[in-house]
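# A closer look at the structure
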Amino acid sequence: MFPLITGFALPAKVLDASIAEKKGGMDVITGKNDSSLSSQTSDPGSSQDLAQPSDNTVLPNPHGEISQADMDNLIQKLQQSDPIAMDDYVYYLNYEEISKDVAAFKGRKIELKGFVYKEEGFQSNQLVISRFLITHCVADASIIGFLTEFEDAATLDADSWIEATGELDVTTYNGKELPLIRITNWKIINPPDEPYLYPLNVKIL
């Protein structure tokens, strides 16, 4: 049922790198700007304007709710995993845990996929492998992602979807410590049928 529901509910234009830039890009990823898309203003005449009726349609979280014990087990699994597989189910949980203690994951292998986001100030070998997180509806989507470095980054266009493997390191960007992935292998892939991520919610007993 979920693919059918989202097929009707999601806007024709999938959120992409241009929206990530409007959202604040690296300022959001580094925590300097945590505002949501719903608070972002844009030119009403712009082709990038997100003001569509479906943007405020509540999207059901496909993960439902899990117990605190299950959540703790997933965190424990992350702490022991090498490589770390960033599948859609645990992506945001893993992203939060890695971002909270970057040094603890330094040197670990990681596997992930997402769309290419670049912004002014990046070095030629840098890009962000990005995803959009949906907590309620498309209008409140937030960009999350990992800054990466690899020689071929300059050859990739914004919005290209890639699948990559790399090693976690620590860097600073605009004075903020954050994880950096040094990519060792990558390939271009087709955008997934479900491009968005959803958080895991703990069931309140």
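Let me begin by describing the structure that accompanies this report. (Residues numbered from 1 in each chain as written. Predicted model: local features only at pLDDT ≥ 70, side-chain atom pairs only at ≥ 80, totals over all residues. Heavy atoms only, no water.)

Attention shifts here to unusual backbone geometry. Excluding glycine, residues mostly carry a negative phi; peptide bonds, for their part, are mostly trans. For the peptide bond that leads from Asp82 to Pro83, omega is 15°, which places it in the cis range. Mapped onto the fold, Pro83 is located in the loop between α4 (68–80) and β2 (84–85). The backbone phi angle of Asn174 is positive, close to 50°, even though this residue is not glycine. By secondary structure assignment, the location of Asn174 is in the loop between β6 (161–173) and β7 (176–189). (Helix = DSSP H or I, 4+ residues; strand = E, 2+ residues; numbered from the N terminus.)

One pass over the full model with this rule turns up 5 aromatic pairs. Geometrically, the ring pair formed by Phe150 and Trp186 is tilted, given 5.9 Å between the ring centres and 50° between the ring planes. With Phe150 in the loop between β5 (142–149) and β6 and Trp186 in strand β7, this pair connects stretches of sequence that are 36 residues apart. Aromatic ring contacts, followed pair by pair, group Phe115, Phe132 and Trp161 into a single cluster. Directly above the ring of Tyr91 sits Arg131, whose terminal nitrogen or CZ lies 5.7 Å from the centroid. (Phe/Tyr/Trp six-rings, centres within 6.5 Å; stacked < 30°, edge-to-face > 60°. Lys NZ or Arg CZ within 6 Å of the ring centre and 35° of its normal.)

In this structure, Asp16 sits in the loop between α1 (2–9) and α2 (17–23). Assessed through its relative accessible area of 15%, Asp16 is described here as buried. Dropping the residues within four chain positions of it, Asp16 is found in contact with Phe115, Phe132 and Asp159. (Buried < 20%, exposed > 50% of the residue type's maximum accessible area, 1.4 Å probe, protein only. Contact = heavy atoms within 4.5 Å.)

For the rest of this paragraph, the subject is the packing of α4 against helix α5 (residues 91–100). Closest axis-to-axis distance for the α4/α5 pair is 10 Å, and the angle between their directions is 60°. Between α4 and α5, the interaxial angle falls into the category oblique. Judged by the twist between their axes, the crossing of α4 over α5 is right-handed. Here α4 contributes Met71, Leu74, Ile75 and Leu78 to the contact with α5, which in turn contributes Leu93, Asn94 and Glu97. (Axes fitted to C-alpha atoms, helices over the stretch in contact; angles between N-to-C directions. Parallel < 35°, antiparallel > 145°, perpendicular 65-115°, else oblique. Left-handed = near helix turned anticlockwise from the far one by under 90°.)

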